[in-house]
Structures are given as C-alpha cells and as structure tokens.
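Given next are the chains, with one letter for each unit.
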Amino acid sequence: MSVSTEPPEAAASTRAPAPSGATSEVTPTPAAGRANVQLVFVGLGALVVALSQSLLVPVLATLPADLHTSASNVSWLLTSTLLVSAISVPIMGRLGDMFGKRRLLLVALAALTVGSLVTALTDDVALLIVGRAVQGLAAATIPLGISLLMTTMPKERVASSVALVSAMLGVGGALGLPLAGFVAEHFSFHALFWITSVAGLVAFLGIRLMVPEAPGRSGGRVDLVGAALMGAALLALLLPLTQSAAWGWSDARIYWLLGASAVLFAVFGWSQTRIREPLVDLRALRRRPIVLTNVASVLFGFALFASFLGTASFIEAPEASGYGFGASLMTGGLALLPSGIAMILFSPVAARLIGSWGAPRTLALGAVVVALGWLMRIVWTGSLTEVIVGTTVVGVGTGIGYAAIPSLVNEHSPSSEIAAANGLNTLFRSLGSSLASALGGSILAANTVILGSFAVPSLTAYRQLFALCAGAAVLAAVIVLFIRRAPEQAATA
C-alpha cells in the first residue's frame, strides 16, 4: 500500500545527478553574511529541539506533587517524546528527501512550537503527555538541518556547519539541565516550555524567511506499509527499554515486546525488498561504512546520555553517600555546562581534522577522548572540580565524534537519500541513549547505600557505569578504524 504524489520541482544535487524525472533548478551560493544568518537559524532550531528533550529531567521528581498524579504517569512525559521521536525521525528524513528538506524542517519546528505551547498552558497530565508527544515530531530537526546545510551553504563552510549542528544534539542536553535547574528553583516548570515555544517560533520564522529549499527533491510514493511496520517495531523495542525501571526486568511484558520487535523488524526488512519505492533503502543501509558508523553512533549515544545520568545525580547526592556533594539542582546542572561549551568550541576543530585526517580517524579520536574522560571520572571523585573536568573531557570527545558522524554518513550515502540516512543515524544515537537509560538505571539501582529512610546509588555502581561507558567508547574507536574514506574524499585530502 502506498500513496502516490506528484514530485515537486526538483534539482540536480550538488553531489550527484538528480533522480530520473526531476527537473533542474539552481540554488545560488549565499554571501558570507547571509550564510551566517542561515546557520544561526538552523543551529537555533537544532539547539532548542535538543533542549526540549532534556528540560524535564531535573524537575521530574517534583512533578507528581505539582500535578497531583503518580510518578508512573509523569514518566510518560519523557517516554512519549522518546517514542514519537524514534518513529518520526527516519520517516521525516525520507519525506525530506522526497518533498524538500526545508519543508519538513519547518513542519518539525512547527510541531515543536505547538507542542511547547500545549505543555506551557496546561496542568492536565493527559494534555501534557499529548504536548510532549507532539514535541517528539521535532526530533527530525537535526538530521534535516544537516542535510539542508549540505546543499545551501558555501562549499568551504559545509564541514564546519554540519559539525556545529550535529554537536547541538549534545549541547542541548548539557545546557538544558542547568537551565531546568534554574527554572525549577525560581519558577513553575511551565516556564521551560514558554522558552522552547518562543525559540522554536523564532527558528521557524528565520528559516522560512532566510533559508532556501535544497535542490534534488525526488518526489515519489510514500511507503505507508513500511512506515507502519517500522513504527510498530520501534515502539515494541523502545517501550520496554524506557519502562524497564518501572516494570522491572522480571516482567514478562519486556520480553514479549522485545520478541515482537524482532519479528516486526524482520517483516519490515522483507517488505522493503518487495516495494518499488521503500521507506529505507536496505542496500544503502547495508554498506559496511554505514553499518559501522551506525554501530559507533549507538555507542556514542550511550556514553553521552550516561554523562547526563551520572553527573547531576552524582553531584547532588548527600555527602554521607561517600562521594556526593549535596549540591542543588542548579549546581548539578551547571556542572554539565562546561561540557556543552566544549562541544561547541571543538566542533570547528573537528571539521578541520576531518579535512586533514578523514572522518573515520577523527571519530576514533573523539571516542578515545571520551574513554579518557570516563577513566578520569572513575579515578578522580574527591572534589567537584575533578568531576567537572572529567565530564568536560567527555564533552570534548563527544563534540569531536558528533561532528565526524554526519560526515561519514554523507560520504557513503546516495545524494538522493542524505536526509533519510542522517535520520536513521540520529535514530541509532537515540537507541544508544535508551540503552544507557535502561542499563544505567539498572546498574545504579542494583548497588545502593542506605541513608536514613532512603537509598542512593553507591560509588561502586557509578564506577561500573563509567567503566561500561569507557569500554563502549574504546569499542567505537576500534570499529570506525575499519571504515575506509570515500574515494572522492581521499583524493582531495
């Protein structure tokens, strides 16, 4: 089953000839000033979407009392966003290749603005969950923004622009926690979503007015069967991971859903080989460089989310725990701020390294730096400064790695599928974050210290989590060294 549409006027891609049936149009190279403005608005859109995904984490514990509901209901404010994000990102990426990357980018930012307004205006938990689910549609902003800038920015600015927008996935989380901590101490949580709604609207209007559409739209048919199967498979995979803490790993629902996910993915893969215009080009996805890059992305996503999971709560733990500093929400969030700044500062450095070393070696370097940061977190726990330094080193490595990942994806993907390939890669990063949430939460819950009437994770539990992250980073470094540079990239190095 598919829905036929007439392809819009399309143009030749800057990387390869346009698909058959597409017409030609030329997107002029913008002047330096205008290029800067375009990057600011696309970067703002990516930043505010990343912010929206982490803003509720510091205030989650206070929401059951504020909303007069249960903790399990409140947890769906995060789960609904994650599930919708995972399902919508690859689909919207594919639609961006077909009907216009800028067009779908505007749809994503409109969803962010509308969802933020809903959550800013209500205390009803059901409506809040709906608003958060609508916000989940905006997760495609980062892969769509990367794909759009590849064809609209001056050639010499592409690498640094892509690196900066890609890094926003980590920067948003690192900045979101201190922002949420500040708001939680002085205002209602609704203020968080007024911020994202205004910023989302500014990004929407700026892109609408200042950023041109990318050339090379393919048009075609929307694979509704593939979209439904992929959505169901991802839902069955992610739901037990996100609910594992609430359900417990002994709950049979977890294993039934994981089994159903495996079956649905198999049926989805079979369907994609039988449909003339599939949602996912499995031949492209099976290319060795793409497979290895996506595996490395899972590992990087794991390490980044564990940094959020294992830093603020570590610092906020009571001193009686043997490691914590009894810090406030604000201080716990601010400890991640240098990490976010490091990601921004090192994204242009990574772009230069990609040009001279190649994306695989640059990504491997980032992974090694991440592993070094986690080793510092294992060894140095005696002062707040030591914790912040270790976390910042993780941020440096993450910024370098996140800058290199889209370059690898773009080098080895057909020009007509750039947005879809980046969307799938973003999905793999999110899968890594979901695994970190499930496994990290289980590790921290399994080894605790009793303080009065409540328990907190022990220092040993945190060190086990950090060691797992260091191992994941080292594995990512080894994996990407098996990726060869694309021939055209090696020839120009």
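The structure this text deals with has already been given above.
Quick look at the structure, then. Keep in mind that what you see is a predicted model, and the values were worked out from it rather than measured.

1. Some details on the packing of helix α16 (residues 337-357) against helix α17 (residues 359-379)
Moving on, step 1. Where α16 meets α17, the closest approach of the two axes is 7 Å, and the angle between their N-to-C directions is 135°. With respect to α17, the axis of α16 lies oblique. Counted together, A350, L353, I354 and W357 of α16 and A359, R361, T362 and L365 of α17 form the full contact between these two elements.
Moving on, step 2. Residues that form the contact of α16 with α17 fall into these classes: six nonpolar, one polar and one charged.

2. Brief notes about helix α18 (residues 384-411)
Note that an α-helix has 3.6 residues per turn; residues three or four places apart therefore point the same way.
Moving on, step 1. Across its 28 residues, α18 extends 41 Å between first and last C-alpha, which sits within 8% of the 40 Å expected from 1.5 Å per residue.
Moving on, step 2. Across the 28 residues that make up α18, a large majority, 23, are buried.

3. A look at the pattern of salt bridges
Moving on, step 1. According to the stated counting rule, one finds three salt bridges in the structure shown.
Moving on, step 2. Among the salt bridges present, the one from D97 reaches K101, with a minimum N-O distance of 3.6 Å. Like K101, D97 is buried.
Moving on, step 3. For the salt bridge of R276 with E277, the shortest nitrogen-to-oxygen distance reads 4.0 Å.
Moving on, step 4. The exposed category is assigned to R276, whose relative accessible area is 70%.

4. Overview of the packing of aromatic side chains
Moving on, step 1. Applying the stated criterion across every chain yields a total of eight aromatic pairs.
Moving on, step 2. Relative to Y462, the ring of F314 lies with its centre 5.0 Å away and its plane at 75°, an arrangement referred to as edge-to-face. Linking F314 in helix α14 (residues 312-316) with Y462 in helix α20 (residues 459-480), this pair joins segments that are 148 residues apart in sequence.
Moving on, step 3. The exposure class assigned to F314 is buried, which follows from its relative accessible area of 0%.
Moving on, step 4. Geometrically, the ring pair formed by F314 and F466 is tilted, given 6.3 Å between the ring centres and 45° between the ring planes.

5. Structural notes on the nonpolar core
Moving on, step 1. The biggest cluster of nonpolar side chains holds 115 residues, and the ones touching the most others in it are V165, I207, L363 and W374.
Moving on, step 2. The element contributing the most residues to this core is α20, with 13 residues.
Moving on, step 3. The contact partners of I207, leaving out residues within four places of it in the chain, are F41, V42, R102, L105, L106 and L109.
Moving on, step 4. By size, the runner-up hydrophobic cluster in this structure holds 14 residues, among which are V74, L77, A180 and F189.

6. Re the environment of T392
Moving on, step 1. Checked against the element boundaries, T392 lands in helix α18.
Moving on, step 2. Separated by 19 residues in sequence, T392 and G373 have C-alpha atoms that sit 7.5 Å apart.
Moving on, step 3. Here T392 is in contact with P338, S339 and A342, once residues within four sequence places are set aside.
Moving on, step 4. At a separation of 2.7 Å, a polar atom in the side chain of T392 contacts the main-chain carbonyl oxygen of I388.

7. Details of the pairing of strand β4 (residues 454-457)
Moving on, step 1. As judged from the four bridges shared by strand β3 (residues 448-451) and β4, these two strands associate in the antiparallel manner. Bridge pairing in β4 places I450 opposite A455.
Moving on, step 2. With antiparallel pairing between neighbouring strands as the criterion, β3 and β4 make up a hairpin whose turn holds two residues, including G452 at a positive phi of roughly 65°.

8. Points about unusual backbone geometry
Moving on, step 1. With a phi angle near 55°, H68 is a residue other than glycine that sits in the positive phi range.
Moving on, step 2. As for its position among the elements, H68 is in the loop between α2 (63-67) and α3 (71-99).

9. A look at the side chain of S261
Moving on, step 1. The topology assignment puts S261 in helix α11 (residues 252-272).
Moving on, step 2. At a separation of 3.1 Å, a polar atom in the side chain of S261 contacts the main-chain carbonyl oxygen of A233.
Moving on, step 3. In this structure S261 touches A233, A236 and L237, once residues within four positions along its chain are discounted.

Quick notes on the rules
Residues numbered from 1 in each chain as written. Predicted model: local features only at pLDDT ≥ 70, side-chain atom pairs only at ≥ 80, totals over all residues. Heavy atoms only, no water. Axes fitted to C-alpha atoms, helices over the stretch in contact; angles between N-to-C directions. Helix = DSSP H or I, 4+ residues; strand = E, 2+ residues; numbered from the N terminus. Parallel < 35°, antiparallel > 145°, perpendicular 65-115°, else oblique. Contact = heavy atoms within 4.5 Å. Nonpolar A, V, L, I, M, F, W, Y, C, P; charged D, E, K, R; others polar. Expected span 1.5 Å × (residues − 1). Buried < 20%, exposed > 50% of the residue type's maximum accessible area, 1.4 Å probe, protein only. Salt bridge = Lys/Arg side-chain N within 4 Å of Asp/Glu carboxyl O. Phe/Tyr/Trp six-rings, centres within 6.5 Å; stacked < 30°, edge-to-face > 60°. Core = buried A, V, L, I, M, F, W, Y, C linked by side-chain atoms within 4.5 Å. Polar contact = N/O pair within 3.5 Å; in protein donor to acceptor, adjacent residues only side chain to side chain. Pairing = 2+ DSSP bridges.

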